[in-house]
Structures are given as structure tokens and as C-alpha cells.
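Each chain is listed here by its residues.
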Amino acid sequence: MLKDTPLTKDEAEDFARLMTKEGASSSEIVDALDNLSKRDVSIQVMIDSGLGKKVKAQRKHADAKVAEAADKLTAKWKEQVANVQKKESEAKGDAKKEGKGAPKAGGSSDSPKKADKKPEAKKEAPKTPVGGGDVGDKRG
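What you see is a predicted model; the values in this text were computed from it and never measured.

Draft legend 1. Spotlight on the pattern of salt bridges. Applying the stated rule across the entire model yields five salt bridges. Here Lys9 makes a salt bridge to Glu13, at a shortest N to O gap of 3.9 Å. Placement of both Lys9 and Glu13 in helix α1 (residues 9-20) is noted, with a separation of four residues, approximately one turn of the helix. According to the relative accessible area criterion, Lys9 is partly exposed, its value standing at 38%. The residue Asp14 makes a salt bridge to Arg17 at a minimum N-O spacing of 2.5 Å. In this pair, Asp14 and Arg17 are both assigned in helix α1, three residues apart and thus about one turn of the helix distant.

Okay, here's the thing in C-alpha cells:
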């Protein structure tokens, strides 16, 4: 395996199966966790394959070496997720700055904010008594 080689979903599923395989030795699991720590694992692959959950579960393994390796990998991945979220947040901030410019005079802008929107009242159909509509009619 090459360091920083992106992990495919199939490979991630193989690692997940290895970690939960009955009879897997602690050294096999630690090796798998170490290999994973050297790979580039996308957030989507972690989610789609269930690998993130499997690694997280290993943090409670009876063998302290397995638990420690899983804890380190989980911390690394959490940091990776935080960095991605930070970059996305910064990109959204930059997009807003580059957007349609400053709001127009009077505080309005081309795109209303969520707080500015008023909930629409539910429109109810007129209530018509069963059997017609002349019941209670006072027209005489």
C-alpha cells in the first residue's frame, strides 16, 4: 500500500470486515488501523462503507493496543472532518463577499434572509355542511 493513496469504498469495506471478523487477532486489527492511518480516506468513503463506525467501536476493544490505535485514528479523522468543514465554511464566506454586493438602501437585498420570511398562513377550504349547503341558510 502506498502512503496517502486514496482508499476506495471496497477497500474500506474490507478493512471494516477484517476488524469485525470473528477470531481476528489484536495484531491484525492494529495492523489494519495502522494501514488506515497511512491512507487518504474521504469522509464519503467512511460513511458509505461504515468504516468510521467500525473504527470507533474498536476504541472500546479489550486489548489496549487496539483501543489506542483506534482512538488515534478516530482523532485524526475528526481533525480531517473539522478541516474540511472549516474550508467549506470559509468558501461560503468568500462566496457571500463576492456575491451581489452590499444590501440596497433600506436594508433589503435581492435574496431574503430566512429571518425575514414570514410563515404562510394555512389556507382552509370553506366549510360546507354534508349534504348540500342550504342547511342554516337564512336567505328565506
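Draft legend 2. Spotlight on the nonpolar core. Grouped together as the largest cluster of nonpolar side chains are 21 residues, with contacts concentrated most on Met19, Leu33, Leu36, Leu51, Val55 and Trp77. Going through the elements one at a time, α1, α2 (26-37), α3 (43-49), α4 (51-58) and α5 (64-98) are the ones with two or more residues in this core. With near-sequence residues (within four places) excluded, Leu51 lies in contact with Leu7, Ala12, Phe15, Ala16, Met19, Leu36, Met46 and Trp77.

Draft legend 3. Representation of the packing of α1 against α2 in the model. Across the interface, α1 lies against α2 with an axial gap of 9 Å and an inter-helix angle of 155 degrees. One way to sum up the angle between α1 and α2 is to call them roughly antiparallel. Judged by the sense of rotation from one axis to the other, the crossing of α1 with α2 is left-handed. Between α1, through Phe15, Leu18 and Met19, and α2, the contact on the second element is made entirely by Glu28, Ile29, Ala32, Leu33, Asn35 and Leu36. Here the residues of the contact of α1 with α2 are counted per class, giving seven nonpolar, one polar and one charged.

Draft legend 4. Summary view of the environment of Glu28. Tracing the backbone through its elements, the reader meets Glu28 in helix α2. When its relative accessible area of 31% is taken as the criterion, Glu28 is described as partly exposed. A sequence separation of 38 residues divides Glu28 from Val66, and the C-alpha atoms of the two residues are 9.4 Å apart.

Draft legend 5. Summary view of the side chain of Thr74. Looking at the element boundaries, Thr74 is found in helix α5. Overall, the relative accessible area of 11% leaves Thr74 in the buried class.

Draft legend 6. Broad picture of the packing of α1 against α4. Two elements in contact, α1 and α4, have axes separated by 9 Å at closest approach and are oriented at 30 degrees. Judged on the interaxial angle alone, α4 and α1 are roughly parallel. For α1 against α4, the interelement crossing comes out left-handed. Only Leu51, Lys54, Val55 and Gln58 of α4 make contact with α1, whose side of the interface consists of Ala12, Phe15, Ala16, Met19 and Thr20. When grouped by side-chain class, the residues that make up the contact of α1 with α4 number six nonpolar, two polar and one charged.

What counts and how
- Residues numbered from 1 in each chain as written.
- Predicted model: local features only at pLDDT ≥ 70, side-chain atom pairs only at ≥ 80, totals over all residues.
- Heavy atoms only, no water.
- Salt bridge = Lys/Arg side-chain N within 4 Å of Asp/Glu carboxyl O.
- Helix = DSSP H or I, 4+ residues; strand = E, 2+ residues; numbered from the N terminus.
- Buried < 20%, exposed > 50% of the residue type's maximum accessible area, 1.4 Å probe, protein only.
- Core = buried A, V, L, I, M, F, W, Y, C linked by side-chain atoms within 4.5 Å.
- Contact = heavy atoms within 4.5 Å.
- Axes fitted to C-alpha atoms, helices over the stretch in contact; angles between N-to-C directions.
- Parallel < 35°, antiparallel > 145°, perpendicular 65-115°, else oblique.
- Left-handed = near helix turned anticlockwise from the far one by under 90°.
- Nonpolar A, V, L, I, M, F, W, Y, C, P; charged D, E, K, R; others polar.

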